[in-house]
Amino acid sequence: MRPGEVPGEGPAAAAAAGLEELKRRAGEAIEASSGPLGALSREIWSRPELAYQERQAHAALARFFAARPAWALQPRYKLETAFRADWAWDPRPDPPAAAPPLRLGLLCEYDALPGIGHACGHNLIAEVGAAAALGLQAALQSLGPGRTPPRGGPVQITVLGTPAEEDGGGKIDLIKAGAFDDLDVVFMAHPSQEDAAYLPDVAEHDVTVKYYGKASHAAAYPWEGVNALDAAVLAYNNLSLLRQQMKPTWRVHGIIKNGGIKPNIIPSYAELEFYLRAPSLRELAVLTEKAENCFKAAALATGCEVELQGGANDYYNVLPNKSLEKAYIDNGKKLGMEFVLNDNLNGLSGSTDFGNVTFVVPGIHPYFYIGSDALNHTEQYTAAAGSEEAQFYALRTAKALAMTALDVIFKPDLLEKVREDFRTVKLNEEGHLNAPERRGKGSLLGIGAACASR
(Lines give C-alpha, C1' and ligand atoms only; values in the text may rest on other atoms or scores of the structure.)
Protein backbone atom coordinates (compact mmCIF):
# COMPACT_ATOMS: atom_id res chain seq x y z
CA MET A 1 0.00 0.00 0.00
CA ARG A 2 1.34 3.45 -0.96
CA PRO A 3 1.87 6.12 1.70
CA GLY A 4 -1.33 8.01 2.34
CA GLU A 5 -3.72 5.34 1.00
CA VAL A 6 -6.84 4.48 2.95
CA PRO A 7 -7.02 0.75 3.83
CA GLY A 8 -9.77 -1.15 2.04
CA GLU A 9 -9.96 1.20 -0.90
CA GLY A 10 -8.37 1.02 -4.31
CA PRO A 11 -5.42 3.30 -5.03
CA ALA A 12 -7.38 5.46 -7.47
CA ALA A 13 -10.32 5.95 -5.12
CA ALA A 14 -8.06 6.69 -2.18
CA ALA A 15 -6.07 9.21 -4.20
CA ALA A 16 -9.23 10.96 -5.40
CA ALA A 17 -10.64 11.17 -1.88
CA GLY A 18 -7.35 12.44 -0.52
CA LEU A 19 -7.14 15.11 -3.19
CA GLU A 20 -10.67 16.33 -2.47
CA GLU A 21 -9.75 16.59 1.20
CA LEU A 22 -6.73 18.70 0.31
CA LYS A 23 -8.92 20.99 -1.77
CA ARG A 24 -11.31 21.35 1.13
CA ARG A 25 -8.45 22.31 3.43
CA ALA A 26 -7.18 24.86 0.92
CA GLY A 27 -10.61 26.47 0.85
CA GLU A 28 -10.85 26.51 4.63
CA ALA A 29 -7.45 28.17 4.92
CA ILE A 30 -8.47 30.87 2.46
CA GLU A 31 -11.67 31.54 4.41
CA ALA A 32 -9.71 31.64 7.67
CA SER A 33 -7.50 34.38 6.21
CA SER A 34 -10.36 36.35 4.66
CA GLY A 35 -9.88 39.24 7.11
CA PRO A 36 -6.22 39.95 6.33
CA LEU A 37 -6.78 39.27 2.64
CA GLY A 38 -9.66 41.72 2.48
CA ALA A 39 -7.62 44.31 4.33
CA LEU A 40 -4.77 43.83 1.84
CA SER A 41 -7.12 44.35 -1.08
CA ARG A 42 -8.69 47.45 0.45
CA GLU A 43 -5.30 48.97 1.23
CA ILE A 44 -4.22 48.60 -2.41
CA TRP A 45 -7.61 49.81 -3.68
CA SER A 46 -7.68 52.90 -1.48
CA ARG A 47 -4.25 54.10 -2.64
CA PRO A 48 -4.17 53.61 -6.42
CA GLU A 49 -0.78 53.89 -8.10
CA LEU A 50 0.21 53.97 -11.75
CA ALA A 51 2.50 51.59 -13.62
CA TYR A 52 6.02 51.23 -12.19
CA GLN A 53 5.04 53.54 -9.31
CA GLU A 54 3.21 50.98 -7.13
CA ARG A 55 5.42 51.51 -4.11
CA GLN A 56 2.69 51.42 -1.47
CA ALA A 57 1.09 48.32 -2.99
CA HIS A 58 4.51 46.67 -3.19
CA ALA A 59 5.14 47.49 0.46
CA ALA A 60 1.72 46.16 1.52
CA LEU A 61 2.22 42.84 -0.26
CA ALA A 62 5.78 42.53 1.04
CA ARG A 63 4.54 43.06 4.61
CA PHE A 64 1.79 40.51 4.03
CA PHE A 65 4.22 37.71 3.15
CA ALA A 66 6.96 38.79 5.55
CA ALA A 67 4.46 38.31 8.38
CA ARG A 68 3.77 34.69 7.41
CA PRO A 69 6.06 31.89 8.54
CA ALA A 70 8.37 30.12 6.12
CA TRP A 71 7.90 32.47 3.16
CA ALA A 72 11.20 33.64 1.67
CA LEU A 73 10.58 37.20 0.51
CA GLN A 74 12.54 39.12 -2.12
CA PRO A 75 11.25 42.70 -2.30
CA ARG A 76 12.15 44.84 -5.33
CA TYR A 77 12.70 41.65 -7.29
CA LYS A 78 14.35 42.62 -10.59
CA LEU A 79 12.10 45.71 -10.78
CA GLU A 80 11.63 48.38 -8.12
CA THR A 81 7.98 47.52 -7.53
CA ALA A 82 8.07 43.77 -8.22
CA PHE A 83 8.48 41.14 -5.51
CA ARG A 84 8.87 37.41 -5.12
CA ALA A 85 7.82 35.20 -2.22
CA ASP A 86 8.71 31.47 -2.16
CA TRP A 87 7.55 28.62 0.02
CA ALA A 88 8.99 25.12 -0.41
CA TRP A 89 7.44 21.79 0.55
CA ASP A 90 9.29 18.49 0.59
CA PRO A 91 7.78 15.81 2.85
CA ARG A 92 10.35 13.15 2.03
CA PRO A 93 12.43 12.17 5.06
CA ASP A 94 15.70 11.97 3.10
CA PRO A 95 15.30 13.98 -0.11
CA PRO A 96 18.03 13.70 -2.74
CA ALA A 97 20.12 16.83 -2.84
CA ALA A 98 19.52 17.46 -6.53
CA ALA A 99 15.80 16.68 -6.71
CA PRO A 100 14.14 19.61 -8.55
CA PRO A 101 10.78 20.76 -7.22
CA LEU A 102 7.64 21.31 -9.23
CA ARG A 103 7.50 25.10 -9.33
CA LEU A 104 4.07 26.73 -9.45
CA GLY A 105 3.74 30.49 -9.87
CA LEU A 106 0.86 32.65 -8.67
CA LEU A 107 0.89 36.14 -10.15
CA CYS A 108 -0.28 39.38 -8.55
CA GLU A 109 -1.03 42.65 -10.32
CA TYR A 110 -1.64 45.92 -8.48
CA ASP A 111 -1.28 48.94 -10.76
CA ALA A 112 -4.20 51.30 -11.32
CA LEU A 113 -5.51 53.57 -14.07
CA PRO A 114 -4.97 57.33 -14.28
CA GLY A 115 -7.90 59.33 -13.00
CA ILE A 116 -10.21 56.44 -12.10
CA GLY A 117 -8.10 54.28 -9.78
CA HIS A 118 -8.63 50.52 -9.66
CA ALA A 119 -11.20 50.45 -12.46
CA CYS A 120 -9.78 47.12 -13.60
CA GLY A 121 -9.77 45.53 -10.16
CA HIS A 122 -6.07 44.81 -9.90
CA ASN A 123 -6.38 45.03 -6.13
CA LEU A 124 -8.50 41.87 -6.42
CA ILE A 125 -5.90 40.19 -8.65
CA ALA A 126 -3.31 40.74 -5.93
CA GLU A 127 -5.68 39.39 -3.30
CA VAL A 128 -6.56 36.30 -5.36
CA GLY A 129 -2.90 35.46 -5.96
CA ALA A 130 -2.01 35.83 -2.28
CA ALA A 131 -5.08 33.88 -1.16
CA ALA A 132 -4.45 30.97 -3.53
CA ALA A 133 -0.88 30.76 -2.28
CA LEU A 134 -2.01 30.55 1.36
CA GLY A 135 -4.57 27.90 0.46
CA LEU A 136 -1.97 25.78 -1.33
CA GLN A 137 0.47 26.14 1.54
CA ALA A 138 -2.10 25.02 4.11
CA ALA A 139 -3.21 22.04 2.03
CA LEU A 140 0.33 20.75 1.55
CA GLN A 141 1.27 21.36 5.17
CA SER A 142 -1.68 19.23 6.26
CA LEU A 143 -0.13 16.17 4.62
CA GLY A 144 2.69 15.86 7.08
CA PRO A 145 5.95 13.97 6.53
CA GLY A 146 6.12 10.81 4.47
CA ARG A 147 3.16 11.49 2.19
CA THR A 148 4.55 12.46 -1.16
CA PRO A 149 2.61 13.35 -4.28
CA PRO A 150 2.45 10.63 -6.94
CA ARG A 151 5.12 12.37 -9.01
CA GLY A 152 7.40 11.84 -5.99
CA GLY A 153 9.07 15.23 -5.77
CA PRO A 154 8.93 18.44 -3.78
CA VAL A 155 6.83 21.49 -4.61
CA GLN A 156 7.73 25.17 -4.58
CA ILE A 157 5.06 27.86 -4.53
CA THR A 158 6.17 31.21 -5.92
CA VAL A 159 4.11 34.37 -5.62
CA LEU A 160 5.34 36.87 -8.18
CA GLY A 161 4.33 40.50 -7.91
CA THR A 162 4.15 41.89 -11.44
CA PRO A 163 3.79 45.68 -11.78
CA ALA A 164 2.84 47.82 -14.76
CA GLU A 165 0.27 45.70 -16.57
CA GLU A 166 -1.75 48.73 -17.62
CA ASP A 167 1.18 50.47 -19.25
CA GLY A 168 4.62 49.22 -20.15
CA GLY A 169 4.37 45.49 -19.55
CA GLY A 170 6.00 44.61 -16.25
CA LYS A 171 5.72 40.88 -16.92
CA ILE A 172 7.65 41.33 -20.14
CA ASP A 173 10.41 43.12 -18.25
CA LEU A 174 10.44 40.26 -15.76
CA ILE A 175 10.56 37.67 -18.57
CA LYS A 176 13.60 39.43 -20.02
CA ALA A 177 15.19 39.46 -16.54
CA GLY A 178 14.69 35.70 -16.15
CA ALA A 179 11.98 35.79 -13.47
CA PHE A 180 9.92 33.08 -15.19
CA ASP A 181 12.80 30.80 -16.15
CA ASP A 182 12.38 28.44 -13.21
CA LEU A 183 8.56 28.19 -13.18
CA ASP A 184 6.66 25.16 -14.51
CA VAL A 185 3.05 26.40 -14.48
CA VAL A 186 1.63 29.86 -13.66
CA PHE A 187 -1.80 30.97 -12.46
CA MET A 188 -3.65 34.26 -12.13
CA ALA A 189 -7.23 35.52 -12.51
CA HIS A 190 -8.69 38.82 -13.69
CA PRO A 191 -11.93 40.55 -12.63
CA SER A 192 -14.66 40.83 -15.24
CA GLN A 193 -18.45 40.67 -15.62
CA GLU A 194 -18.54 36.88 -15.86
CA ASP A 195 -16.73 33.69 -14.99
CA ALA A 196 -14.74 32.39 -17.96
CA ALA A 197 -11.79 30.02 -17.99
CA TYR A 198 -10.44 31.72 -21.12
CA LEU A 199 -11.12 34.88 -23.08
CA PRO A 200 -9.31 35.68 -26.34
CA ASP A 201 -6.99 38.44 -25.15
CA VAL A 202 -5.31 39.76 -28.27
CA ALA A 203 -1.87 40.88 -29.35
CA GLU A 204 -1.27 44.63 -29.08
CA HIS A 205 1.25 47.19 -30.26
CA ASP A 206 1.26 50.86 -29.34
CA VAL A 207 2.88 53.52 -31.47
CA THR A 208 3.57 57.22 -31.08
CA VAL A 209 3.54 59.15 -34.37
CA LYS A 210 5.39 62.47 -34.52
CA TYR A 211 5.08 64.90 -37.42
CA TYR A 212 7.59 67.70 -37.94
CA GLY A 213 6.64 70.65 -40.12
CA LYS A 214 7.55 74.34 -40.27
CA ALA A 215 5.98 77.21 -38.35
CA SER A 216 4.74 80.32 -40.09
CA HIS A 217 2.17 83.07 -39.60
CA ALA A 218 -1.17 81.47 -40.44
CA ALA A 219 -2.69 84.69 -41.84
CA ALA A 220 0.21 86.69 -43.29
CA TYR A 221 2.19 83.97 -45.11
CA PRO A 222 0.76 80.49 -44.48
CA TRP A 223 2.39 79.23 -47.70
CA GLU A 224 5.74 79.44 -45.94
CA GLY A 225 4.63 76.89 -43.37
CA VAL A 226 4.42 73.10 -43.36
CA ASN A 227 1.40 72.08 -41.29
CA ALA A 228 2.11 69.19 -38.94
CA LEU A 229 -1.47 69.23 -37.64
CA ASP A 230 -2.73 68.65 -41.18
CA ALA A 231 -0.53 65.56 -41.30
CA ALA A 232 -1.93 64.31 -38.00
CA VAL A 233 -5.53 64.86 -39.10
CA LEU A 234 -4.85 63.19 -42.43
CA ALA A 235 -3.24 60.20 -40.70
CA TYR A 236 -6.25 59.90 -38.39
CA ASN A 237 -8.60 59.99 -41.37
CA ASN A 238 -6.45 57.53 -43.32
CA LEU A 239 -6.88 55.00 -40.53
CA SER A 240 -10.60 55.72 -40.32
CA LEU A 241 -10.94 54.94 -44.03
CA LEU A 242 -8.83 51.80 -43.60
CA ARG A 243 -11.44 50.37 -41.22
CA GLN A 244 -13.63 49.25 -44.14
CA GLN A 245 -10.87 46.84 -45.20
CA MET A 246 -9.93 45.76 -41.68
CA LYS A 247 -10.89 42.33 -40.39
CA PRO A 248 -13.69 42.34 -37.78
CA THR A 249 -11.21 41.05 -35.20
CA TRP A 250 -8.74 43.93 -35.69
CA ARG A 251 -8.86 47.03 -33.55
CA VAL A 252 -7.26 50.45 -34.07
CA HIS A 253 -7.84 53.34 -31.68
CA GLY A 254 -5.91 56.51 -31.05
CA ILE A 255 -5.81 60.17 -30.05
CA ILE A 256 -4.14 63.39 -31.18
CA LYS A 257 -1.94 64.35 -28.23
CA ASN A 258 -0.46 67.56 -29.63
CA GLY A 259 -1.92 69.72 -32.38
CA GLY A 260 -0.13 73.05 -32.11
CA ILE A 261 0.09 75.95 -29.69
CA LYS A 262 -1.85 78.89 -31.20
CA PRO A 263 -4.34 79.31 -34.08
CA ASN A 264 -2.32 81.96 -35.88
CA ILE A 265 0.83 79.81 -35.96
CA ILE A 266 1.08 77.01 -38.51
CA PRO A 267 1.78 73.99 -36.26
CA SER A 268 5.34 72.79 -36.68
CA TYR A 269 4.78 69.72 -34.52
CA ALA A 270 1.93 67.27 -33.99
CA GLU A 271 1.74 63.97 -32.19
CA LEU A 272 -0.64 61.01 -32.15
CA GLU A 273 -0.78 57.83 -30.07
CA PHE A 274 -2.42 54.67 -31.38
CA TYR A 275 -3.03 51.15 -30.12
CA LEU A 276 -3.15 48.38 -32.73
CA ARG A 277 -4.65 44.99 -31.86
CA ALA A 278 -5.13 41.68 -33.63
CA PRO A 279 -5.84 38.08 -32.52
CA SER A 280 -2.31 36.87 -33.28
CA LEU A 281 1.20 38.18 -33.75
CA ARG A 282 1.06 37.31 -37.45
CA GLU A 283 -2.09 39.37 -38.00
CA LEU A 284 -0.70 42.17 -35.85
CA ALA A 285 2.29 42.42 -38.20
CA VAL A 286 -0.06 42.79 -41.19
CA LEU A 287 -2.18 45.43 -39.45
CA THR A 288 0.94 47.29 -38.33
CA GLU A 289 2.24 47.54 -41.88
CA LYS A 290 -1.07 48.96 -43.08
CA ALA A 291 -1.11 51.51 -40.26
CA GLU A 292 2.48 52.47 -40.96
CA ASN A 293 1.59 53.18 -44.58
CA CYS A 294 -1.26 55.45 -43.43
CA PHE A 295 1.12 57.45 -41.25
CA LYS A 296 3.76 57.75 -43.98
CA ALA A 297 1.21 58.75 -46.61
CA ALA A 298 0.08 61.68 -44.46
CA ALA A 299 3.65 62.90 -44.19
CA LEU A 300 4.16 62.64 -47.93
CA ALA A 301 0.95 64.51 -48.71
CA THR A 302 1.73 67.43 -46.39
CA GLY A 303 5.49 67.67 -46.80
CA CYS A 304 6.16 66.82 -43.17
CA GLU A 305 8.76 64.51 -41.75
CA VAL A 306 7.43 61.63 -39.67
CA GLU A 307 8.91 59.66 -36.80
CA LEU A 308 7.32 56.42 -35.60
CA GLN A 309 8.14 55.24 -32.08
CA GLY A 310 6.90 51.85 -30.98
CA GLY A 311 6.42 50.98 -27.32
CA ALA A 312 9.17 49.15 -25.49
CA ASN A 313 7.08 45.98 -25.25
CA ASP A 314 4.46 44.45 -27.51
CA TYR A 315 1.78 42.41 -25.78
CA TYR A 316 1.28 38.90 -27.16
CA ASN A 317 -2.06 37.16 -27.48
CA VAL A 318 -2.84 34.78 -24.61
CA LEU A 319 -2.33 31.15 -25.63
CA PRO A 320 -5.07 28.82 -24.39
CA ASN A 321 -4.34 25.69 -22.37
CA LYS A 322 -7.34 23.40 -22.65
CA SER A 323 -6.21 21.00 -19.95
CA LEU A 324 -5.74 23.72 -17.35
CA GLU A 325 -9.00 25.37 -18.39
CA LYS A 326 -10.95 22.12 -18.01
CA ALA A 327 -9.50 21.52 -14.55
CA TYR A 328 -10.33 25.08 -13.52
CA ILE A 329 -13.91 24.78 -14.78
CA ASP A 330 -14.40 21.47 -12.96
CA ASN A 331 -13.20 23.01 -9.71
CA GLY A 332 -15.06 26.25 -10.19
CA LYS A 333 -18.36 24.47 -10.75
CA LYS A 334 -17.93 22.72 -7.41
CA LEU A 335 -17.79 26.19 -5.85
CA GLY A 336 -20.90 27.43 -7.63
CA MET A 337 -19.35 29.26 -10.57
CA GLU A 338 -21.44 29.50 -13.73
CA PHE A 339 -19.09 29.69 -16.68
CA VAL A 340 -19.69 31.42 -19.97
CA LEU A 341 -19.51 28.89 -22.78
CA ASN A 342 -17.16 29.49 -25.68
CA ASP A 343 -20.16 29.90 -27.98
CA ASN A 344 -21.32 32.87 -25.91
CA LEU A 345 -18.04 34.77 -25.79
CA ASN A 346 -18.25 38.23 -27.30
CA GLY A 347 -15.36 37.66 -29.70
CA LEU A 348 -12.54 39.74 -28.22
CA SER A 349 -11.26 40.96 -24.91
CA GLY A 350 -8.48 43.46 -24.31
CA SER A 351 -4.78 42.72 -24.14
CA THR A 352 -2.46 41.70 -21.33
CA ASP A 353 1.23 41.11 -20.78
CA PHE A 354 0.23 37.69 -19.43
CA GLY A 355 0.05 36.76 -23.10
CA ASN A 356 3.85 37.01 -23.28
CA VAL A 357 4.07 34.74 -20.24
CA THR A 358 2.07 32.02 -22.04
CA PHE A 359 4.77 31.90 -24.72
CA VAL A 360 7.43 30.94 -22.15
CA VAL A 361 5.57 28.82 -19.56
CA PRO A 362 2.17 27.05 -19.43
CA GLY A 363 -0.43 29.15 -17.66
CA ILE A 364 -4.06 30.05 -17.12
CA HIS A 365 -5.67 33.49 -16.97
CA PRO A 366 -9.38 33.05 -16.17
CA TYR A 367 -11.82 35.88 -15.63
CA PHE A 368 -14.15 36.13 -12.66
CA TYR A 369 -17.40 37.85 -11.78
CA ILE A 370 -17.21 40.30 -8.86
CA GLY A 371 -20.90 40.88 -8.19
CA SER A 372 -21.41 43.76 -10.59
CA ASP A 373 -22.35 44.21 -14.24
CA ALA A 374 -20.29 47.42 -14.46
CA LEU A 375 -17.74 47.48 -17.25
CA ASN A 376 -13.98 47.55 -16.69
CA HIS A 377 -12.27 50.94 -16.94
CA THR A 378 -15.26 52.86 -15.59
CA GLU A 379 -15.86 54.67 -12.30
CA GLN A 380 -18.59 52.13 -11.54
CA TYR A 381 -16.11 49.26 -11.79
CA THR A 382 -13.74 51.08 -9.46
CA ALA A 383 -16.47 51.15 -6.84
CA ALA A 384 -17.33 47.48 -7.45
CA ALA A 385 -13.69 46.39 -7.10
CA GLY A 386 -13.54 47.98 -3.64
CA SER A 387 -16.90 46.65 -2.45
CA GLU A 388 -17.50 44.07 0.24
CA GLU A 389 -19.53 42.01 -2.22
CA ALA A 390 -16.48 41.52 -4.45
CA GLN A 391 -14.70 39.76 -1.59
CA PHE A 392 -16.87 36.66 -1.82
CA TYR A 393 -16.13 36.25 -5.52
CA ALA A 394 -12.43 37.00 -5.20
CA LEU A 395 -11.99 34.36 -2.48
CA ARG A 396 -14.04 31.86 -4.46
CA THR A 397 -11.75 32.40 -7.42
CA ALA A 398 -8.68 31.95 -5.24
CA LYS A 399 -10.08 28.62 -4.06
CA ALA A 400 -10.62 27.49 -7.66
CA LEU A 401 -7.04 28.42 -8.56
CA ALA A 402 -5.64 26.60 -5.51
CA MET A 403 -7.75 23.53 -6.29
CA THR A 404 -6.50 23.55 -9.88
CA ALA A 405 -2.91 23.85 -8.70
CA LEU A 406 -3.46 20.83 -6.43
CA ASP A 407 -4.70 18.89 -9.45
CA VAL A 408 -1.47 19.75 -11.25
CA ILE A 409 0.58 18.58 -8.26
CA PHE A 410 -1.26 15.33 -7.57
CA LYS A 411 -2.25 14.29 -11.09
CA PRO A 412 0.91 13.55 -13.07
CA ASP A 413 -1.12 12.87 -16.19
CA LEU A 414 -2.66 16.36 -15.97
CA LEU A 415 0.76 17.99 -15.65
CA GLU A 416 1.93 16.19 -18.77
CA LYS A 417 -1.22 17.20 -20.66
CA VAL A 418 -0.68 20.82 -19.61
CA ARG A 419 2.86 20.71 -20.91
CA GLU A 420 1.78 19.03 -24.15
CA ASP A 421 -0.94 21.64 -24.70
CA PHE A 422 1.67 24.34 -24.22
CA ARG A 423 4.07 22.79 -26.70
CA THR A 424 1.40 22.15 -29.32
CA VAL A 425 -0.30 25.55 -29.17
CA LYS A 426 3.00 27.43 -29.09
CA LEU A 427 4.37 25.52 -32.07
CA ASN A 428 1.18 26.16 -33.99
CA GLU A 429 1.29 29.88 -33.17
CA GLU A 430 4.95 30.22 -34.09
CA GLY A 431 4.40 28.20 -37.25
CA HIS A 432 1.93 30.82 -38.45
CA LEU A 433 4.18 33.73 -37.57
CA ASN A 434 5.60 34.24 -41.04
CA ALA A 435 5.65 38.02 -41.17
CA PRO A 436 8.92 39.47 -42.54
CA GLU A 437 11.30 40.97 -40.04
CA ARG A 438 11.04 44.74 -39.76
CA ARG A 439 14.11 46.81 -39.05
CA GLY A 440 15.26 50.36 -38.78
CA LYS A 441 13.95 53.68 -37.57
CA GLY A 442 10.22 53.90 -37.95
CA SER A 443 9.58 50.17 -37.60
CA LEU A 444 6.46 49.64 -35.54
CA LEU A 445 6.52 46.00 -34.58
CA GLY A 446 9.20 44.81 -32.19
CA ILE A 447 7.73 41.38 -31.55
CA GLY A 448 9.27 40.60 -28.45
CA ALA A 449 2.36 44.97 -25.01
CA ALA A 450 -2.06 46.43 -22.78
CA CYS A 451 -4.38 45.19 -19.86
CA ALA A 452 -6.56 42.18 -20.09
CA SER A 453 -8.51 45.24 -19.90
CA ARG A 454 -6.15 47.69 -21.56
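Up top is the structure.
Computed from a prediction, not measured in an experiment: that's the story for all the values here.

A few points about helix α7 (residues 281-302)
Compared with the 32 Å implied by 1.5 Å per residue over 22 residues, the 32 Å span of α7 between its first and last C-alpha is a close match. Taken together, the buried positions of α7 are occupied by Leu 281, Glu 283, Leu 284, Ala 285, Leu 287, Thr 288, Ala 291, Glu 292, Cys 294, Phe 295, Ala 298 and Ala 299.

Let's talk about the packing of aromatic side chains
The tally for this structure, following the rule as stated, stands at 11 aromatic pairs. Measuring from ring centre to ring centre gives 5.3 Å for Phe 64 and Phe 65, while their planes differ by 80 degrees; the resulting arrangement is edge-to-face. Like Phe 65, Phe 64 is buried. Measuring from ring centre to ring centre gives 5.8 Å for Phe 274 and Phe 295, while their planes differ by 55 degrees; the resulting arrangement is tilted. Here the residue Phe 274 occupies a position in strand β9 (residues 269-278), and Phe 295 occupies one in helix α7, the gap between them amounting to 21 residues. Grouping residues by exposure puts Phe 274 and Phe 295 together as buried. Taken together, the ring pairs in this structure connect Phe 64, Phe 65, Trp 71, Phe 83 and Tyr 110 into an aromatic cluster. Lying over the aromatic face of Phe 64, Arg 68 brings its terminal NZ or CZ to 3.7 Å of the ring centre.

Some remarks on the packing of helix α2 (residues 34-46) against helix α3 (residues 55-66)
Running from N to C, α2 and α3 cross one another at 165 degrees; their axes reach a closest spacing of 9 Å. Classified by the angle between their axes, α2 and α3 sit roughly antiparallel to one another. In this structure, α2 crosses over α3, and the sense of that crossing is right-handed. Here Pro 36, Leu 37, Leu 40, Glu 43 and Ile 44 of α2 lie close against α3, whose contacting residues are Ala 57, Ala 60, Leu 61, Arg 63 and Phe 64. Within the contact of α2 with α3, the residues separate by chemical class into eight nonpolar, no polar and two charged.

A word on the environment of Ser 240
Inspection of the secondary structure puts Ser 240 in helix α6 (residues 228-242). Each C-alpha atom, one on Ser 240 and one on Val 252, is 8.8 Å from the other, the two residues being 12 residues apart in sequence.

Concerning the sheet that holds strand β7 (residues 203-212)
Here four strands make up an open sheet; going across it, the order is β8-β9-β7-β10 and the pairing antiparallel. Of all the strands in the sheet, just β8 (251-258) and β10 (305-310) have a single pairing partner and so form its edges. Within this sheet the neighbouring strands show an average axis-to-axis angle of 20 degrees, counted without direction. The pairing of β8 with β9 spans seven bridges and is classified as antiparallel. By the bridge assignment for β9, Ile 256 is matched with Leu 272.

Thresholds, definitions, all that
Residue positions are counted from 1 within each chain, in the order its sequence is given. The predicted nature of this model means local features are confined to residues of pLDDT at least 70 and side-chain atom pairs, given and counted, to a pLDDT of 80 or more, with totals for whole chains, interfaces and linings taken over all residues. In computing side-chain properties, one takes all heavy atoms of the structure into account and sets aside hydrogens as well as water. We count a stretch as a helix when DSSP gives it H or I for four or more residues in a row; a strand needs E for two or more, and each element gets its number in order from the N terminus. One fewer than the residue count of a helix, multiplied by 1.5 Å, yields its expected span. Here's how the labels work: a residue is buried when its accessible area is under 20% of the maximum for its type, exposed when over 50%, partly exposed in between, all with a 1.4 Å probe on protein chains only. Pairing of aromatic rings covers Phe, Tyr and the six-membered ring of Trp, with a centre-to-centre limit of 6.5 Å; geometry is then stacked below 30 degrees between planes, edge-to-face above 60, and tilted otherwise. We count a charge as sitting over a ring when the NZ of a lysine or the CZ of an arginine lies within 6 Å of the ring centre and within 35 degrees of the ring normal. Each axis is a line fitted through C-alpha atoms, and for a helix only the stretch in contact is used; angles between axes span 0 to 180 degrees, taken between their N-to-C directions. By definition in this entry, angles of less than 35 degrees are roughly parallel, angles greater than 145 are roughly antiparallel, angles of 65 to 115 are roughly perpendicular, and the rest are oblique. Each crossing is labelled by how the near helix is turned from the far one, with a counterclockwise turn of less than a right angle marking it left-handed and a clockwise turn marking it right-handed. In what follows, residue pairs with any heavy atoms lying within 4.5 Å of each other are defined as contacts. Following the grouping adopted for this structure description, the nonpolar residues are Ala, Val, Leu, Ile, Met, Phe, Trp, Tyr, Cys and Pro, the charged ones are Asp, Glu, Lys and Arg, and the polar ones are all others, Gly among them. Being paired, for any two strands, means DSSP has found at least two bridges between them.

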